[in-house]
Amino acid sequence: MPAAFTADWISVGDDEARHFLLLSDRLAAFGAAYGDLPAHDGLWEAAMATSNDLAARLAVVPQVLEARGLDVSPATIARLRAAGDDASADVVQTIYQDEIGHVAIGNRWFRRLCESAGKPPPDHFRSLVRQHFKGRVKPPFNDSARAQAGLTIDYYVGLDRH
């Protein structure tokens, strides 16, 4: 992959580190720390399942897992604001905006791999997700945020039934 690929993912890593610090600071404001609350290991499982296939990694991690954040963040932000927790809502808003860019980066490189292999991106995406992602891609989908990131409906149509 070209140097631009590495630069993009270093940028994403920098954002993710900043997100961790934002969330860690919010937890600390409530007297908690990272690891105090239960969490799933879906990202680690996805990394292991796609360790030998870059296209699969790009399909599953940014375009399924991070795209899910695009789906759920607006409602989370609204609930936090309704509860009067604007500081937490602001953190989620920041992460949400950054995640649109992360999904876009994943989509751009996925499309490039597909083009070089002569595979239609939406079809190849669905095939890889069915093969490498546990469970199903859950609606409701934030179609507008996904489209901003280049992840159009033709990518994930039907995956919610797999």
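Caption draft 1: Region of the structure containing the overall build of the protein. A count of helices and strands for the protein gives seven helices and zero strands. Counted from the first residue to the last, the protein has its helices and strands arranged as α-α-α-α-α-α-α. Dimensions of the protein, computed from C-alpha atoms along their principal axes, come out at roughly 50 × 35 × 25 Å. A total of 162 residues make up the protein; the buried ones form 40% of that total. Long-range pairs, those at least 24 residues apart, make up 75% of the contacts in the protein between residues at least 6 apart in sequence.

Caption draft 2: Structural detail: helix 1 (residues 3–29). For helix 1, with 27 residues, the first-to-last C-alpha span of 39 Å sits near the 39 Å given by 1.5 Å per residue. Within the sequence span of helix 1, burial applies to F5, D8, V12, D15, H19 and R26. Of the surrounding secondary structure, the elements contacted by the buried residues of helix 1 are helix 3 (54–82) and helix 4 (86–117). The positive-phi residue at the C-terminal boundary of helix 1 is G31, with phi of around 80°.

Caption draft 3: Region of interest: helix 4. With 32 residues, helix 4 should cover 46 Å at 1.5 Å per step; its first-to-last C-alpha distance of 46 Å lies within 8% of that length. G118 lies just past helix 4 and shows a positive phi near 70°.

Caption draft 4: View of the environment of A147. Looking at the element boundaries, A147 is found in helix 6 (residues 143–148). Counting along the chain gives 50 residues from A147 to Q97, while the straight-line C-alpha distance between them is 13 Å.

Caption draft 5: Local environment of the environment of C114. Structurally, the position occupied by C114 is in helix 4. Placed 59 residues apart in sequence, C114 and A55 show a C-alpha to C-alpha distance of 7.9 Å. C114 has contacts with K119, P121 and H124, leaving out every residue within four places of it along the chain.

Caption draft 6: Representation of the nonpolar core within the structure. Formed by 35 residues in total, the largest nonpolar core has its most connected members in F110, F125, V129, V137, L151 and Y156. Elements with a contribution of two residues or more to this core: helix 1, helix 3, helix 4, helix 5 (121–132) and helix 7 (153–156).

Caption draft 7: Seen up close, the packing of helix 1 against helix 4. At a minimum axis distance of 10 Å, the contact between helix 1 and helix 4 shows a crossing angle of 165°. Comparing the axis directions of helix 1 and helix 4 gives the class roughly antiparallel. Helix 4 is crossed by helix 1, and the crossing has left-handed handedness. Of helix 4, the residues touching helix 1 (which contributes A4, F5, D8, W9, V12, D15, E16, R18, H19, L22, L23 and R26) are A87, S88, V91, T94, I95, D98, E99, H102, I105, G106, R108 and W109. Its residues placed into classes, the contact of helix 1 with helix 4 shows 11 nonpolar, five polar and eight charged.

About the cut-offs
Residues numbered from 1 in each chain as written. Predicted model: local features only at pLDDT ≥ 70, side-chain atom pairs only at ≥ 80, totals over all residues. Heavy atoms only, no water. Helix = DSSP H or I, 4+ residues; strand = E, 2+ residues; numbered from the N terminus. Buried < 20%, exposed > 50% of the residue type's maximum accessible area, 1.4 Å probe, protein only. Contact = heavy atoms within 4.5 Å. Expected span 1.5 Å × (residues − 1). Core = buried A, V, L, I, M, F, W, Y, C linked by side-chain atoms within 4.5 Å. Axes fitted to C-alpha atoms, helices over the stretch in contact; angles between N-to-C directions. Parallel < 35°, antiparallel > 145°, perpendicular 65-115°, else oblique. Left-handed = near helix turned anticlockwise from the far one by under 90°. Nonpolar A, V, L, I, M, F, W, Y, C, P; charged D, E, K, R; others polar.

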